Amino acid sequence: MKVKALTRSRANTERECIGDVRKQFRNLDPKYHPMQRAREYQRAIMGAKLDRMFAAPLFGRNMEHADAVTCSALCHQHLLPLASGCVDGTIKLWDLSTRKEMMVGAGGHSRAITGLTFETNTSTNPLLYSCSDDGCIRAWSMNQQQQNDDDEVEEVKRSALSSSSSSKMSKNSRSMATWKTDAGLKSIDHNWSESQFGTASSDGVCLWSPNRMSPLQTYTRLWESDDTVHFLSFNPAEANLMGVCTMDNGVGLIDARIGTALRKTVLKMRSNVLRFNPMEPLNFIVANEDHQVYLFDLRNLTRPVRIYKGHVNAVMDVRWSPTGKEFVTAGYDNTVRIFTRDHGGRARDIYHTRRMQRVMTVQYTHDNQYVISGSDDGNLRVWKAQASQSAGQRTTREERALRYRQTLIEKHHHLPEIRRIHSDRKVPKRITKQQQQALQKEEKE
């Protein structure tokens, strides 16, 4: 006679450690759970409330300049280095893990820093390129500065001197190479696959090589116009394709292989920044002076794919997340906003502080966890990309509970109560008042 016995694997019945919750087996048949929908709805409300209760977006703010921060750059080969430029011509290199200075490039430029970029075609010893209104381009090395710091530290140890002035001087660095132009430079960007970088100025767009002191190519009178090009960006996929913003409110594309301008569209107001999507290079976003951000497809510039609203003043900078699904904007209204690419409309999150002034530059870290902003008050602030996300390591149980709450919120997001709790953000009264005035103006028009 055969006897069948119920057997379960030990992994499904036993706990991994004493602190774990004992596993309980339930019958998932809907007829035994008549209140399942109501129970999930209450859990979704509680999850949305917990998400807002534990929201603490500001992570760090100890990185300071003597004057307003104008631009910043992140290294594509490393997670930690962050470069920032100031109005007084000072460049600082920061270690994001400790938020301390790695290098101070003082005296390299005599006027405001207008652009920073790292080499993208090398994995060892990437150079940092900077440009300024004084018409100079300078190259800085991180590894050389680190070696100089080590030598100076050894010398200080041998001489038994530990004054604060000597430690401060050990961070100063000099540029490795300098290129000079007749016009003030407005922007700089490095080619993603070749050892070349481009600059934008009143004289046009110039393409440079690190091995030559004069430009390889110069593009003037783009689209039969003498307007100044004030921003330049290379396409991540097409190495010879460049996107530019001009002073006549135009946004266009340039092909370096044939040396001519391709397409151009003119908006109502001036565009400040153009950024290509790192995962879908056919799309790019434009930060405009009319308080809006436009998403374009480079195959058709006649009309934007999507328009993102919410700022009450000019949008000064914009950066894509590494996944290409979100982007962060820097506003002249003293706020940092995070938008979702596919959903459009309003911002997913709004970050601001009482002391933060007009935000001029933003960065999205390569691990998709943090956002960095630089403002007119001379501070660089580090924000969490997800305001309620904890910074430390989470256990498996915490990860499972967090995913469960997020799934419930997404499932019931269309319901009014959850949508109100999940999308509610506190902003300064002046911004709320300006938003109401803008809505009234749109209704009248």
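See the structure above.
Read on for a plain summary of the structure. These numbers were taken from a predicted model, which means no experiment stands behind them. (Residues numbered from 1 in each chain as written. Predicted model: local features only at pLDDT ≥ 70, side-chain atom pairs only at ≥ 80, totals over all residues. Heavy atoms only, no water.)

### Some details on the sheet that holds strand E6 (residues 113–118)
Thought 1: Judged by pairing direction, the sheet is antiparallel, and its four strands sit side by side in the order E6-E7-E8-E9 without closing on themselves. With partners counted over all chains shown, the strands left at the sheet margins are E6 and strand E9 (177–180), one partner each. Between one strand axis and the next, the sheet turns through 20° on average, direction left out of account.
Thought 2: Judged from the five bridges that link them, E6 and strand E7 (residues 127–132) form a sheet pairing that is antiparallel. Considered in E7, the bridge of Thr117 is made with Tyr129. (Pairing = 2+ DSSP bridges. Helix = DSSP H or I, 4+ residues; strand = E, 2+ residues; numbered from the N terminus. Axes fitted to C-alpha atoms, helices over the stretch in contact; angles between N-to-C directions.)

### Quick look at the nonpolar core
Thought 1: In this structure, Leu274, Phe284, Ile285, Val286, Phe296 and Phe327 are the most contacted members of the largest nonpolar core, which totals 25 residues.
Thought 2: Elements with a minimum of two residues in this core: strand E15 (241–246), strand E16 (250–255), strand E18 (271–276), strand E19 (283–288), strand E20 (293–297) and strand E22 (315–320).
Thought 3: Residues in contact with Phe296, not counting those within four places in the same chain, are Thr265, Leu267, Leu282, Asn283, Phe284, Val286, Leu301, Arg303, Pro304 and Val305. (Core = buried A, V, L, I, M, F, W, Y, C linked by side-chain atoms within 4.5 Å. Buried < 20%, exposed > 50% of the residue type's maximum accessible area, 1.4 Å probe, protein only. Contact = heavy atoms within 4.5 Å.)

### Focus: the environment of Asp248
Thought 1: Structurally, Asp248 can be placed in the loop between E15 and E16.
Thought 2: Residues Asp248 and Glu119 lie 129 residues apart in sequence; the distance between their C-alpha atoms is 30 Å.
Thought 3: Residue contacts for Asp248: discarding those within four places in its chain leaves Ser225, Asp227, Lys264 and Val266.
Thought 4: Within the structure, Asp248 has its side chain in polar contact with the side chain of Lys264 (distance 2.6 Å). (Polar contact = N/O pair within 3.5 Å; in protein donor to acceptor, adjacent residues only side chain to side chain.)

### Structural notes on the side chain of Asn249
Thought 1: Inspection of the secondary structure puts Asn249 in the loop between E15 and E16.
Thought 2: Among the polar contacts listed, one links the side chain of Asn249 to the backbone oxygen of Lys268, at a separation of 3.1 Å.
Thought 3: Discounting chain neighbours no more than four positions away, the residues touching Asn249 are Thr265, Val266, Leu267, Lys268, Met269 and Arg270.

### Section: the pattern of salt bridges
Thought 1: Using the criterion set out here, one finds 18 salt bridges in the structure.
Thought 2: One continuous salt-bridge network, built from bridges that share partners, spans Glu326, Arg348, Asp349 and Arg425. (Salt bridge = Lys/Arg side-chain N within 4 Å of Asp/Glu carboxyl O.)

### Looking at the packing of aromatic side chains
Thought 1: According to the stated counting rule, one finds 13 aromatic pairs in the structure shown.
Thought 2: For the ring pair Tyr129 and Trp179, a centre distance of 6.0 Å and an interplane angle of 45° mean the geometry is tilted. Of this pair, Tyr129 sits in strand E7 while Trp179 sits in strand E9, and the two are 50 residues apart along the sequence. With respect to burial, Tyr129 and Trp179 carry one shared label: buried.
Thought 3: A ring pair is formed by Trp179 and Phe197, whose centres lie 5.5 Å apart and whose planes are at 70°; its orientation type is edge-to-face. (Phe/Tyr/Trp six-rings, centres within 6.5 Å; stacked < 30°, edge-to-face > 60°.)

### Considering the pairing of strand E14 (residues 229–234)
The side chains of a regular strand alternate, residue by residue, between the two faces of the sheet.
Thought 1: Here E14 lies mainly inside the structure; six of its six residues are buried.
Thought 2: In this sheet, E15 lies alongside E14 in antiparallel orientation, the contact comprising five bridges. Looking at the pairing, Phe231 lines up with Cys245 of E15.
Thought 3: Counted along the chain from E14 to the antiparallel partner E15, the turn is six residues long.

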